[in-house]
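Per-entry structural report
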Amino acid sequence: MRDVLEPLMSWWAEGKASALATVVATRHSAPRRPGASMLVGPGAEAIGSVSGGCVESAVYDLGQEVLAGTRPLRRRYGVSGADALAVGLTCGGTLDVFVERVDSTTFPQLGEVVETVRAGRPVAVATVIAGPAERLGRRLIVWPDRVAGGTGSGRLDGLLCQDARGLLDAGRTGVLRYGADGQCRGQEREEREESEEGETGLEVFVESFAPPPRMLVFGAVDFADAVARTGSFLGYRVTVCDARPVFATAARLPGADEIVVEWPHRYLQAEADAGRIDGRTVICVLTHDHKFDVPLLRVALRLPDVGYIGAMGSRRTHEDRWHRLTEAGLTEAELKRLSSPIGLDLGARTPEETAVSIAAEIIALRRGGSGFRLADRPGPIHLGSCL
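In short, a report on the structure. (Residues numbered from 1 in each chain as written. Predicted model: local features only at pLDDT ≥ 70, side-chain atom pairs only at ≥ 80, totals over all residues. Heavy atoms only, no water.)

1. Let's talk about the packing of aromatic side chains
- Evaluation of the coordinates by the stated rule reveals 2 aromatic pairs.
- When the ring of W263 is compared with that of F292, the centres are 5.1 Å apart and the planes differ by 40°; the resulting orientation is tilted. Here W263 is found in the loop between β14 (258-261) and α7 (264-273), whereas its partner F292 is found in helix α8 (residues 290-300), with 29 residues between them in sequence.
- Its relative accessible area of 6% is what places F292 among the buried residues. (Phe/Tyr/Trp six-rings, centres within 6.5 Å; stacked < 30°, edge-to-face > 60°. Helix = DSSP H or I, 4+ residues; strand = E, 2+ residues; numbered from the N terminus. Buried < 20%, exposed > 50% of the residue type's maximum accessible area, 1.4 Å probe, protein only.)

2. Side note on the packing of α8 against helix α9 (residues 315-327)
- Their axes nearest at 10 Å, the elements α8 and α9 cross at an angle of 50°. Relative to α9, the element α8 is oriented oblique. In the crossing of α8 with α9, the sense of the turn from one axis to the other is right-handed. Across from H290, D293, V294, L297 and R298 in α8, the residues of α9 making contact are R321, R324 and L325.
- When its residues are assigned to classes, the contact of α8 with α9 shows 3 nonpolar, 1 polar and 4 charged. (Axes fitted to C-alpha atoms, helices over the stretch in contact; angles between N-to-C directions. Parallel < 35°, antiparallel > 145°, perpendicular 65-115°, else oblique. Left-handed = near helix turned anticlockwise from the far one by under 90°. Contact = heavy atoms within 4.5 Å. Nonpolar A, V, L, I, M, F, W, Y, C, P; charged D, E, K, R; others polar.)

3. Focus on the nonpolar core
- In this structure, F218, L268, I283, L297, L301, I309 and L325 are the most contacted members of the largest nonpolar core, which totals 24 residues.
- Those elements that place two or more of their residues in this core are β12 (214-218), α7, β15 (282-285), α8 and β16 (308-311).
- If we skip the residues at most four places from it in the chain, I309 touches I283, L297, A300, L301, R337, L338 and S339.
- F223, V227, V238 and A256 belong to the second largest nonpolar core, which has 23 residues in total. (Core = buried A, V, L, I, M, F, W, Y, C linked by side-chain atoms within 4.5 Å.)

4. Digging into the pattern of salt bridges
- With the rule as written, the count across this model stands at 19 salt bridges.
- One salt bridge in this structure joins E271 and R214, with 2.7 Å as the shortest N-O distance. In this pair, E271 sits in helix α7 while R214 sits in strand β12, placing the two residues 57 residues apart along the sequence. R214 matches E271 in its accessibility class, with the two residues each being buried.
- Taking the shortest distance from any N to any O, the salt bridge between R276 and E271 comes out at 2.9 Å. (Salt bridge = Lys/Arg side-chain N within 4 Å of Asp/Glu carboxyl O.)

5. Describing the sheet that holds strand β2 (residues 37-40)
- Read from one edge to the other, the open sheet built from 5 strands follows the order β3-β2-β1-β5-β4, with strand pairing classed as antiparallel. The sheet is open, and its two borders are formed by β3 (46-48) and β4 (73-78), each paired with just one other strand. Recorded for the sheet is a direction-independent mean angle of 20° between the axes of neighbouring strands.
- Helix α1 (residues 5-13) contacts β1 (18-27), β2, β3 and β5 (94-102) of the sheet and is inclined by roughly 35° relative to β2. (Pairing = 2+ DSSP bridges.)

6. A look at the environment of R139
- Topologically, R139 is positioned in strand β7 (residues 139-142).
- Given the relative accessible area of 5%, R139 is considered buried.
- C-alpha separation for the pair R139 and Q109, spaced 30 residues apart in sequence, amounts to 9.7 Å.
- Ignoring sequence-local partners within four residues, the contact set of R139 consists of E100, T106, F107, Q109, V125, A126, T127, A148, G149 and G150.

This is how it looks when you write it as structure tokens:
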């Protein structure tokens, strides 16, 4: 929807209806990713693209049908021996397109969604794209701290809220599958099984609108690039900050998205003052040097919204740091927010192993995991979620 958000919002605000066609699933070499959108406007306009030209004419006709009063429609397009000369994808891939009517009645929350996206804040739109006819097009809007709308099932809404926030945290868009009342049926299956779906199964397309979460790595030490590369792999935008220009270089830190030469506590305070720190931000303090650590952690541990704060160092370094922070006036409650020594006990030795240890702790705290071996724990692998 991001591709066509402005004209969609303009027509919605004027009280006009448009047809929104969205790629909800792709396989093989399909030209566009899930979330790519095309609009059919109230004046028969066509804006955007779902395939780069391969199936736009067919999708345009579906949009006209939906605007004329048809329920939301889902179609699959691809090339086979039978349809190679008909409508299809010359690249050989397949894609599923969901087409729905959008106006102030069918999507009353659109104004709030657009306001959130324009402000650069995260929101996910979860839309039922397969299932009983009366459920098609129903949607749950999920923010980090609230929800709006619904799918028609309270149980499903509860599970969907958790799963959508999981995708939102990672900045991912995809399809989730449930039973009619929220039973888990797996995520992002390549092929729908119609016999299993029947009239009771549901598929929900979750479109995430979120800037990537931030990972702030303080200290351009030998572990920093491995932590930066691992953070990037997890979907974070990684900034490495160090006051020493000789160490804070792109040559030493190729895994970082951004390198900043500044005193760490000054940089962090400036980012907080500018509103660029939120509950998804993770802070990794790797310097284990009190002249950097103490003023930095004094700022970090007093920020109201940070997802994780970890500091590297031995037990002796940790005890010395704790003592210095106490002398600097931090309370016990503030100090309890600090993960130190940083990471889970994996027996890590190398920078790469240490980075995995840190990443594992971040994931466990974010998702409520125990950090224990799954082989030693009975019950479901993912508690309270279909992911």
